[in-house]
Amino acid sequence: MKPLVVTIDGPAGAGKSSVAQRVSRALGLRYLDTGALYRALAWKAIQRGLRPQDTRYIIEMARATRVELLPQDGEQRVLVDGQDVTEAIRAPEVANLASPISAIPEVRAILLDWQREFGRQGGVVAEGRDTGTVVFPDAPVKIFLTASLDERARRRHKELLERGIDVPFEQVKLDMEARDQRDATRHIAPLRPAPDAVVIDTTHMSLEQVVEEVLAICRARFTSEVPPST
Ligand code: DC
């Protein structure tokens, strides 16, 4: 039987990570934060002083980098060449470089192989921008989460403050808008819902409500996919 795959895509701050983590726990599936892969490479590029236009060096660096995602207490630790960068990759400057890096086709090809290999090892709840359109096009459940820009910026601002990162709200909103615009208009694997994705606008929903709705969709799809046991 094919592993169960749930994809959750959408713009920054739509609630993908929180929802995907809870859904993966509820269903007993592994959690795959694909944005962490792009952030991991961006983090290493920053250590090396690379800029977005240093495409050739970024590709070489990506080929020579070992990124590992290790499940830990229902969350995920991120290692780059053996070094734990779980917290470091959440910095705004890492997000800002991850976006242009993710528009480089060679980088996407490297990470696509990585993600599919992860998927071959068993069931997974994957979140990102193209997990339903490109990485796992045959996934039985595809969700696209969205919310108004103001609400997404408010959530991200709060999350950054909780991590001790104090960036003015307007700056968070401007960065987010620029990043979404770039992610949605790039030529390769742009941010958009798969034709068979269920789109959920979470602007006026609590986390619990979104998780319940996604789990209800999963239960309905999985029962229709999985033949009843005798
Ligand atoms: O979800 P995130 O904020 O951690 O993602 C960081 C960047 O990585 C985002 O700006 C776009 C890119 N990304 C991508 O291109 N494809 C994915 N599947 C996930 C993230």
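Residues numbered from 1 in each chain as written. Predicted model: local features only at pLDDT ≥ 70, side-chain atom pairs only at ≥ 80, totals over all residues. Heavy atoms only, no water.

Enquirer: Whenever I open this one, the sheet that holds strand β5 (residues 83-84) confuses me. Can you help?
Expert: Taken in spatial order, the three strands make up an open sheet running β3-β4-β5, and their pairing is antiparallel. Each of the sheet's edge strands pairs with one partner strand only, and the pair in question is β3 (67-72) and β5. (Pairing = 2+ DSSP bridges. Helix = DSSP H or I, 4+ residues; strand = E, 2+ residues; numbered from the N terminus.)

Enquirer: Explanation requested: the pattern of salt bridges in the structure shown.
Expert: Think of it this way: side chains of opposite charge can pair up when their charged atoms draw near. Within the structure shown, the criterion is met by 19 salt bridges. Here R77 and D84 are joined by a salt bridge, their closest N and O atoms 2.8 Å apart. Measuring nitrogen to oxygen at the nearest pair gives 3.8 Å for the salt bridge that ties R163 to E87. Linking R163 in the loop between α7 (149-162) and α8 (169-185) with E87 in the loop between β5 and α4 (92-101), this pair joins segments that are 76 residues apart in sequence. For E87, a relative accessible area of 53% puts it in the exposed group. Taken together, the shared-partner salt bridges in this structure form one network comprising R77, D84, E87 and R163. (Salt bridge = Lys/Arg side-chain N within 4 Å of Asp/Glu carboxyl O. Buried < 20%, exposed > 50% of the residue type's maximum accessible area, 1.4 Å probe, protein only.)

Enquirer: Please clarify how the site of the ligand should be interpreted in this entry.
Expert: Around the ligand, the surrounding shell holds 14 residues, and the nearest of these are R39, R108, R129, D130 and R179. Here an oxygen atom of the ligand sits 3.3 Å away from a polar atom, N or O, in the side chain of S102. A distance of 2.8 Å is found between an oxygen atom of the ligand and a side-chain nitrogen or oxygen belonging to R108. Taken by itself the ligand offers 450 Å² of open surface, and the protein chains cover 98% of this. Sorting the residues of the shell around the ligand by element identifies α2 (34-47), α4 and α8 as the ones contributing at least two each. A per-element tally of the shell around the ligand places α2 first, with four residues. Grouping the amino acids of the shell around the ligand by side-chain chemistry returns two nonpolar, five polar and seven charged. (Near = heavy atom within 4 Å. Polar contact = N/O pair within 3.5 Å; in protein donor to acceptor, adjacent residues only side chain to side chain. Areas by Shrake-Rupley, 256 points an atom, 1.4 Å probe, with all protein chains shown as cover. Nonpolar A, V, L, I, M, F, W, Y, C, P; charged D, E, K, R; others polar.)

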